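Observations on the model geometry
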Amino acid sequence: MCIPFVYALVFTEIALVYASPSQGPFRTVSNNNRFYDVQAHRGGRGNAVESTLPSFAWGLIDGATTLELDNGITQASSHLSGSRDGEVVVWHDESILAEKCSDTAPVVPDDPAYPYVGKFISNLTLAQIKTLDCGSKRQTNYPHQLVYPGARISTLREVFDFVSCADLSHQILWNIESKINPQYPNRTAGVDDFVQKQHEIFISSPYYQSITYQSFDWRTLVAMKTLDDKIVTSALIDEDTAFTPDDSTSPWLAGLRLESFPGPSQSEQMAQAAHAVHADVLSPTGTFLIPSPSHEGSSHFTTLEMISEAHRLGMKVLPWTVNRLDRVEELLKDGADGIITDYPNVVRRWAKQQGLRVAPKYPKQRVFSCLYQHMH
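In short, a report on the structure. (Residues numbered from 1 in each chain as written. Predicted model: local features only at pLDDT ≥ 70, side-chain atom pairs only at ≥ 80, totals over all residues. Heavy atoms only, no water.)

1. Details of the overall build of the protein
When helices and strands are counted, the protein shows 12 helices and 11 strands. Across the protein, the fraction of contacts at a sequence separation of at least 24, relative to all contacts at a separation of at least 6, is 66%. (Helix = DSSP H or I, 4+ residues; strand = E, 2+ residues; numbered from the N terminus. Contact = heavy atoms within 4.5 Å.)

2. What about the state of the cysteines?
Applying the stated criterion across every chain yields a total of two disulfides. Between the sulfur of Cys101 and that of Cys134 lies a disulfide, 2.1 Å long from S to S. Judged by the sign of its S-S torsion, about 110°, the bond between Cys101 and Cys134 is right-handed. Here Cys101 is found in the loop between strand 3 (88–90) and helix 3 (126–129), whereas its partner Cys134 is found in the loop between helix 3 and helix 4 (156–166), with 33 residues between them in sequence. The residues Cys101 and Cys134 share a single accessibility class, namely buried. (Disulfide = S-S within 2.5 Å. Buried < 20%, exposed > 50% of the residue type's maximum accessible area, 1.4 Å probe, protein only.)

3. A closer look at the side chain of Thr212
In this fold, Thr212 is placed in strand 5 (residues 211–215). Beyond its immediate stretch of four places on either side in the chain, Thr212 contacts Trp174, Asn175, Ile176, Val232, Thr233 and Ser234.

4. Looking at unusual backbone geometry
With omega at 5°, the peptide bond leading from Tyr114 into Pro115 counts as cis. A cis amide bond links Gly263 with the next residue in sequence, Pro264, at an omega value of 15°. Mapped onto the secondary structure, Pro264 falls in the loop between helix 7 (239–242) and helix 8 (266–276). The phi angle at Asp247 is positive, at roughly 65°, despite the residue not being glycine. Considering the arrangement of structural elements, one finds Asp247 in the loop between helix 7 and helix 8. With phi around 55°, Ala254 is a residue other than glycine that occupies positive phi space. Take Ala254: its relative accessible area is 33%, and that puts it in the partly exposed class.

5. Overview of the packing of aromatic side chains
In this structure the tally under the stated criterion is seven aromatic pairs. Consider the rings of Phe160 and Tyr207, whose centres lie 5.8 Å apart with planes at 40°: the pair is tilted. In this pair, Phe160 sits in helix 4 while Tyr207 sits in the loop between helix 5 (191–203) and strand 5, placing the two residues 47 residues apart along the sequence. For the pair Phe160 and Tyr207, one class covers both residues: buried. Ring centres of Phe216 and Trp320 lie 5.6 Å apart, and the angle between their planes is 90°; on these two criteria the pair is classed as edge-to-face. With Phe216 in the loop between strand 5 and helix 6 (218–227) and Trp320 in the loop between strand 10 (316–317) and helix 10 (325–334), this residue pair connects regions lying 104 residues apart in the sequence. Judged on exposure class, the residue Phe216 and its partner Trp320 are both buried. (Phe/Tyr/Trp six-rings, centres within 6.5 Å; stacked < 30°, edge-to-face > 60°.)

6. Focus on the environment of Ile339
Position of Ile339 among the secondary structure elements: in strand 11 (residues 338–341). In this structure, the C-alpha to C-alpha distance between Ile339 and Ala40, residues 299 residues apart in sequence, is 8.8 Å. Apart from residues no more than four positions distant in its own chain, Ile339 is found in contact with Tyr36, Asp37, Val38, Gln39, Leu318, Pro319, Val322, Val328, Leu331 and Val347.

7. Details of the nonpolar core
In this structure, Leu156, Phe162, Val163, Trp174, Phe202 and Trp218 are the most contacted members of the largest nonpolar core, which totals 87 residues. Ranked by residues supplied to this core, first place goes to helix 4 with seven residues. Within the second largest apolar cluster, 13 residues are counted, among which are Tyr116, Ile121, Leu126 and Leu132. (Core = buried A, V, L, I, M, F, W, Y, C linked by side-chain atoms within 4.5 Å.)

Here it is, written out as structure tokens:
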């Protein structure tokens, strides 16, 4: 799709690329699994506008081991769209937020759905979503973000195609989330849609064996394992999905109740529950503090006991979204197998200082050349 926006920063970077001597073939190892797993959250939203091709470009350049991203599914096709029914797009939010995206123009004159900002992804076609500028707004909480005016929301296939251009030997790892909401099923596509459509793209990609499939809605993990037991699955969990105000069964945990597991601690019960849905990875919030019942201090949601129990059960542990190195150090000491972060460049630099093996950085020339090609 041609984009009628000027990518000023991209042009500047590409000009520098072609003014520089060419770099030789990027030499990679056979498998990124040998490195400490520094995951670029939404491509590294601390450094570039999130979930866009430029953010994933910088994730590669900054030497992330894994690119972490989210998927939504668009509305079924209509007369306004030439796309297939329900396209898998790369975006975190259930709806288009004005803080991140701006309308440009309707797909057709007098489109009744316009403006598209404020609408749910599941109520917009891909053609409508492709009109949005989601690269011009720097987020208040991320003052160092590079903006890329005119950057569009991409499909998962488009992201794979772009990264394949820069990652010729397909070494990068992926952690891909289904953004499904069991509390409000009308806001997103359902379990079967997510699992079937995502899996179709996974198996047709050269990255099939490099993908971890993650979700807060553990029903999708069960469904994906049932469909394809070779897919690595990761059970996301936090205070909002583990607990309910009235102590009812959480809609997020595939019908499981934590108290039905032996524990003895709540942290260990979470690991045991994730193991019960055959998750390969437990991915808890790494920063949330749980107040003490005695009102004396607090404790982290992710604990040494949780990590140890997950390891005993054969699972890895990947906490999110950790941006402070003091907390990263605590989690490494407790045995975390990697870190999901908004600043992969910072965590990678720290990991290297600790003597951990880190993934190679991708050459800027190649990455920006591919970025230029795939944004036009």
